[in-house]
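Coordinate analysis (summary)
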Amino acid sequence: MKYFFACIFLITGLFAYGQKAKIIPLDDVEIGNVLKENQAIIYGSFIQRLSFWQTGYQQNIRIRNLETNEIFSFVVKPPLRSRKENQFCFFIKPGTYEVVNFYYSKSKWYGTEYNMRPVFRGIDFEVNVKNKIDSGLIKLEDLHRIVFKVANNTLTYLGQWHFESGAPSFTDEKATLDKKLKEDYVLLEFEKAVTVLPE
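Presented here is an overview of the structure given in this document. (Residues numbered from 1 in each chain as written. Predicted model: local features only at pLDDT ≥ 70, side-chain atom pairs only at ≥ 80, totals over all residues. Heavy atoms only, no water.)

**Structural notes on the overall build of the chain**
If you tally the helices and strands in the chain, you get 3 helices and 11 strands. Counting from the amino terminus, helix and strand elements in the chain follow one another as α-β-β-β-β-β-β-β-α-β-β-β-α-β. Residue burial in the chain is summarised as follows: out of 199 residues, 42% are buried. Considering only contacts within the chain whose residues lie at least 6 apart along the sequence, 70% involve residues at least 24 apart. Looking at the chain as shown, the accessible area adds up to about 10800 Å², and 55% of this sits on carbon and sulfur atoms. (Helix = DSSP H or I, 4+ residues; strand = E, 2+ residues; numbered from the N terminus. Buried < 20%, exposed > 50% of the residue type's maximum accessible area, 1.4 Å probe, protein only. Contact = heavy atoms within 4.5 Å. Areas by Shrake-Rupley, 256 points an atom, 1.4 Å probe, with all protein chains shown as cover.)

Following this line, the structure appears as structure tokens:
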């Protein structure tokens, strides 16, 4: 009975995150933009779990501001781009955020299949979390969100996001990415960026 109520709570929470809440897209940092007072910018790169059926579709990460409870979304793989690693750079409100889910589409013989997978620390997002809880392989106390903090007036590097296999992980590839992005974002001072790897 304890697991039944736990699963109801988990599923209700996941649907509240993904379905009922208003999803606010983060604004792209465009070439020529600068960091102004009372702003923050996040950037990094995302390595996707690439398959033929997903190459043409956009993929998003959804995050929740823990202070305001607002849900935000940002693109980690633009549509019609087949490369495995993609960079992202967005304006964001300062605050503490948790990664809620990964939203992506697949092409099927009958059309498009939309997928929204919850993201937890140390757990592969492709795993059916409800089934694992029901079977006892995962306990509710093992479910921890991935969290990161963004300070006001900062350019924040969030690392390289590894979603290509297993549980999501994050590595520091700042020097390499800074060189690539500096070619386009000439007015942003990447050398002064703060590194915050989600954990």
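**Some points on the nonpolar core**
The nonpolar side chains of soluble globular proteins are, as a tendency, buried together. With 26 residues, the main nonpolar core has Ile-61, Ile-63, Phe-74, Phe-102, Phe-148 and Trp-161 as its most contacted residues. Put simply, the parts of the chain that give this core at least two residues each are strand E2 (40-47), strand E3 (59-65), strand E4 (71-77), strand E5 (85-92), strand E6 (95-108), strand E8 (146-150) and strand E9 (154-162). The leading source of residues in this core is E6, at 4 residues. Residues within four places of Phe-102 in sequence aside, it is in contact with Phe-46, Gln-59, Asn-60, Ile-61, Val-76, Asn-115, Met-116, Arg-117, Val-119, Phe-125 and Phe-163. Counting 13 residues, the second-largest nonpolar core is a separate cluster that includes Val-29, Cys-89, Leu-177 and Leu-188. (Core = buried A, V, L, I, M, F, W, Y, C linked by side-chain atoms within 4.5 Å.)

**A look at the side chain of Gln-48**
Mapped onto the fold, Gln-48 is located in the loop between E2 and E3. On the basis of relative accessibility, which here comes to 0%, the residue Gln-48 falls in the buried class. Engagement of the side chain of Gln-48 in a polar contact is seen with the side chain of Gln-59, the distance being 2.7 Å. Residue contacts for Gln-48: discarding those within four places in its chain leaves Gln-59, Lys-77, Arg-83, Lys-84, Asn-86, Phe-163 and Glu-164. (Polar contact = N/O pair within 3.5 Å; in protein donor to acceptor, adjacent residues only side chain to side chain.)

**Observations regarding a nonpolar patch on the surface**
A contiguous nonpolar patch, built from Val-34, Val-186 and Leu-187 and spanning about 250 Å² of accessible area, is present on the exposed surface. Summarising the element assignment, Leu-187 is placed in the loop between helix H3 (174-182) and strand E11 (194-195). (Patch = residues over 30% accessible without salt bridge, like charges linked within 9 Å, V, L, I, M, F, W, Y side chains within 5 Å. Salt bridge = Lys/Arg side-chain N within 4 Å of Asp/Glu carboxyl O.)

**Some thoughts on the pattern of salt bridges**
What the rule picks out here adds up to 6 salt bridges. The salt bridge partner of Asp-134 is Lys-130, with a shortest N-O separation of 2.8 Å. In this pair, Asp-134 and Lys-130 both sit in helix H2 (residues 129-135), 4 residues apart, roughly one turn of the helix. Accessibility expressed as a relative area gives 40% for Asp-134, which makes it partly exposed.

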